[in-house]
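Summary of structural features
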Amino acid sequence: MNRLSRTHGFGLTLAAALFAVDQWVKWLMVFPLRLREVGQIELLPFFDLTWTENYGVSLGMLTATSPEMRWGLVGLTGVIALAVLVWMLREKAAGDVLPLGMVLGGALGNIRDRIDYGHVIDYADLHFGSFRPFLVFNIADAAITIGVLLILARSFLSREKAPTKADTAPEN
């Protein structure tokens, strides 16, 4: 196996692992912890488990208020996940493959929720008193956000330099 295919294997493995962990934690929230019935479990002064059903995408945009909209959202996010997979498999830099794996794993976790429940299960509630720097989120959301931020950071920090005259001068 060459280096490039091994890198893609790591990206796919990361996506699968994030998907599995996300689904396992959501299963814990639904069944053993019964967070839906309980509503909220205080864990730390700044972190609670709070049941939230997200019928939209990021920041509640594109809220699905009907079965047609729900399945449209599944289709739209499925197409986006497929595009991320294709991008990941074409990408050569491990520094981009792994964040794309994070985005893919998170997207698949949230798509699975939408298929199974009609909404995404969110539960992680970080707060400082009444100040909440984020909406209630889940592992899939965190993976997508961190993956996108890593891709953006790499794109801004690793721009290729324009060739100089010395680089393009013919050799004797």
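As shown above, the structure is provided for reference.
In this report, the structure presented in the accompanying data block is examined.

The rules behind each value
- Residues numbered from 1 in each chain as written.
- Predicted model: local features only at pLDDT ≥ 70, side-chain atom pairs only at ≥ 80, totals over all residues.
- Heavy atoms only, no water.
- Helix = DSSP H or I, 4+ residues; strand = E, 2+ residues; numbered from the N terminus.
- Buried < 20%, exposed > 50% of the residue type's maximum accessible area, 1.4 Å probe, protein only.
- Contact = heavy atoms within 4.5 Å.
- Areas by Shrake-Rupley, 256 points an atom, 1.4 Å probe, with all protein chains shown as cover.
- Axes fitted to C-alpha atoms, helices over the stretch in contact; angles between N-to-C directions.
- Parallel < 35°, antiparallel > 145°, perpendicular 65-115°, else oblique.
- Left-handed = near helix turned anticlockwise from the far one by under 90°.
- Nonpolar A, V, L, I, M, F, W, Y, C, P; charged D, E, K, R; others polar.
- Salt bridge = Lys/Arg side-chain N within 4 Å of Asp/Glu carboxyl O.

Brief notes about the overall build of the chain
Looking only at helices and strands, the chain has six helices and three strands in total. In sequence order, the chain lays out its α and β elements as α-α-β-β-α-α-β-α-α. A buried classification covers 34% of the 172 residues belonging to the chain. The long-range share in the chain, meaning contacts at least 24 apart out of those at least 6 apart in sequence, stands at 64%. Surface summary for the chain: the accessible area is close to 10900 Å², and the carbon and sulfur share equals 68%.

Considering the packing of helix α3 (residues 67-90) against helix α4 (residues 94-117)
Where α3 contacts α4, the axes come no closer than 9 Å and their chain directions differ by 160 degrees. By the criterion of interaxial angle, the relationship of α3 to α4 is roughly antiparallel. Relative to α4, the crossing made by α3 is left-handed. Residues Arg-70, Trp-71, Leu-73, Val-74, Thr-77, Gly-78, Ala-81, Val-84, Leu-85, Trp-87 and Met-88 of α3 touch α4, and the partners they reach there are Val-97, Leu-100, Gly-101, Val-103, Leu-104, Ala-107, Leu-108, Ile-111, Arg-114, Ile-115, Asp-116 and Tyr-117. By residue class, the composition of the contact of α3 with α4 is 17 nonpolar, three polar and three charged.

Comments concerning the pattern of salt bridges
Scanning all chains against the criterion turns up seven salt bridges. Across the pair Asp-113 and Lys-26 runs a salt bridge whose closest N-O atoms are separated by 2.7 Å. Of the two residues, Asp-113 sits in helix α4 while Lys-26 sits in helix α1 (residues 3-30), which places them 87 residues apart along the sequence. One exposure class covers both Asp-113 and Lys-26, and it is buried. Across the salt bridge formed by Glu-37 and Arg-34, the nearest N and O atoms sit 3.6 Å from each other. Residue classification places Glu-37 among the exposed positions, given a relative accessible area of 52%. Three or more residues are tied together by salt bridges with common partners; here these are Asp-22, Lys-26 and Asp-113.

Quick notes on the packing of α4 against helix α5 (residues 139-157)
At a closest axis distance of 7 Å, the pairing of α4 and α5 adopts a crossing angle of 155 degrees. One way to sum up the angle between α4 and α5 is to call them roughly antiparallel. As α4 runs across α5, the sense of the crossing is left-handed. For the pair formed by α4 and α5, the contact residues are Gly-95, Asp-96, Pro-99, Leu-100, Met-102, Val-103, Gly-106, Ala-107 and Asn-110 on the first element and Ala-140, Asp-141, Ala-143, Ile-144, Ile-146, Gly-147, Val-148, Leu-150, Ile-151 and Arg-154 on the second. When the residues that make up the contact of α4 with α5 are grouped by side-chain class, the tally is 12 nonpolar, four polar and three charged.

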